[in-house]
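Examination of the molecular architecture
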Amino acid sequence: MPNHSLDELRDTVERMEDRLLEQPAGAPGYEALVARFAADLPNERDRRLAQSAALMVHQQQSVNASLATRFLEAYAAKDLDTIASLITPNVRLRDWNLAVSGREAFLAETRKNFEEAERIAIDLLHLHATAGSVAAEMRILVNEDIELTVVDVFDFDHQGRITAVRSYKGI
């Protein structure tokens, strides 16, 4: 007697893997997750569940990386509306000069930064994504004469909105 739930699980994992193959850049990360999730599992059903879990984690990492990149692109474009659409009402912002909580305070600080800068260029150097956060190392050029090396850490809620941004200035 065939196990229909296992067949459905196989089909689901295969469909999810097909979607992953459309964006192969993340595949090595997915393969490492599968290996970690599926290590020493006793049966095929558990291995398939582990594959599904690893794929979901990998997909969330990709989504979070895209959202952080979108935020940084909006920041460089001084697009406050897009930034507002990406953050939660209770978002927190902390950098080397300040700490604020709430959407209005976050947007007020961002607006102030935009008003003080004629031009903002962001060169994304490295991006590290997990299922719940993203760390972005970047070089920021403000008004062609102020260069900052910064790491921003973004936290996300289950709906893909930013709940916190913590910025760390390097040398």
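Located above this text is the structure these notes cover.
Residues numbered from 1 in each chain as written. Predicted model: local features only at pLDDT ≥ 70, side-chain atom pairs only at ≥ 80, totals over all residues. Heavy atoms only, no water.

What about the nonpolar core?
Ranked by size, the top nonpolar core spans 31 residues in total, and within it F71, I83, F106, L107, F154, F156 and I162 carry the most contacts. Those elements that provide at least two residues to this core are α3 (44-76), α4 (80-86), β1 (87-94), α5 (103-116), β3 (120-129), β4 (133-142), β5 (146-156) and β6 (162-169). Examining the composition of this core, we find that seven residues originate from one element, α3, more than from any other. (Core = buried A, V, L, I, M, F, W, Y, C linked by side-chain atoms within 4.5 Å. Buried < 20%, exposed > 50% of the residue type's maximum accessible area, 1.4 Å probe, protein only. Helix = DSSP H or I, 4+ residues; strand = E, 2+ residues; numbered from the N terminus.)

What about the packing of aromatic side chains?
Considering all chains together, one arrives at four aromatic pairs under this definition. On the basis of an interplanar angle of 70° and a centroid distance of 5.2 Å, the ring pair of F71 and F154 is categorised as edge-to-face. Highlighted residues: F71 in helix α3 and F154 in strand β5, separated in sequence by 83 residues. Chaining the aromatic ring pairs together yields one cluster made of F71, Y75, F106, F114 and F154. (Phe/Tyr/Trp six-rings, centres within 6.5 Å; stacked < 30°, edge-to-face > 60°.)

Quick look at the pairing of β3
If a strand is regular, its side chains alternate between the two faces of the sheet. Bridging between β3 and β4 involves nine bridges; their strand directions are antiparallel. Across the sheet, the residue bridging to A121 is L141, located in β4. The hairpin turn running from β3 into β4, its antiparallel successor, is three residues long. (Pairing = 2+ DSSP bridges.)

Digging into the environment of N143
For N143, the location among the structural elements is in the loop between β4 and β5. You can call N143 partly exposed: its relative accessible area is 26%. Sequence separation between N143 and A117 is 26 residues, and the spatial gap between their C-alpha atoms is 6.0 Å. One polar contact links the side chain of N143 to the main-chain amide nitrogen of E118, over a distance of 2.5 Å. (Polar contact = N/O pair within 3.5 Å; in protein donor to acceptor, adjacent residues only side chain to side chain.)

Quick notes on the layout of surface pockets
Here the largest pocket is characterised by a volume of approximately 610 Å³. Along the walls of the largest pocket sit 27 residues, with Y75, D95, W96, N113 and L148 positioned nearest its centre. If you list the elements that add at least two residues to the lining of the largest pocket, you get α3, α5, β3, β4, β5 and β6. Broken down by element, the lining of the largest pocket gets its largest block of residues, six residues, from α5. (1 Å grid on protein atoms, 1.4 Å probe; cavity = no way out; pocket = protein on both sides within 12 Å on 5 of 7 lines; lining within 4 Å. Points joined across faces, edges and corners; volume = space filled by probe spheres on them.)

Overview of the sheet that holds β4
Spatial ordering of the open sheet is given by β2-β1-β6-β5-β4-β3, a layout of six strands whose pairing is mixed. Among the strands making up the open sheet, the edge pair consists of β2 (99-101) and β3. Here the average twist between neighbouring strands, direction ignored, is 20°. Pairing geometry for β5 and β6, over seven bridges, is antiparallel. Each bridged residue has a counterpart across the sheet, and for F154 the counterpart in β6 is V165. In the packing of α3 onto the sheet, the strands contacted are β3, β4, β5 and β6, and the crossing angle to β3 comes to about 170°. The strands touched by α5 are β1, β2, β3 and β6; relative to β1, the strand with the most contacts, the crossing angle is about 55°. (Axes fitted to C-alpha atoms, helices over the stretch in contact; angles between N-to-C directions. Contact = heavy atoms within 4.5 Å.)

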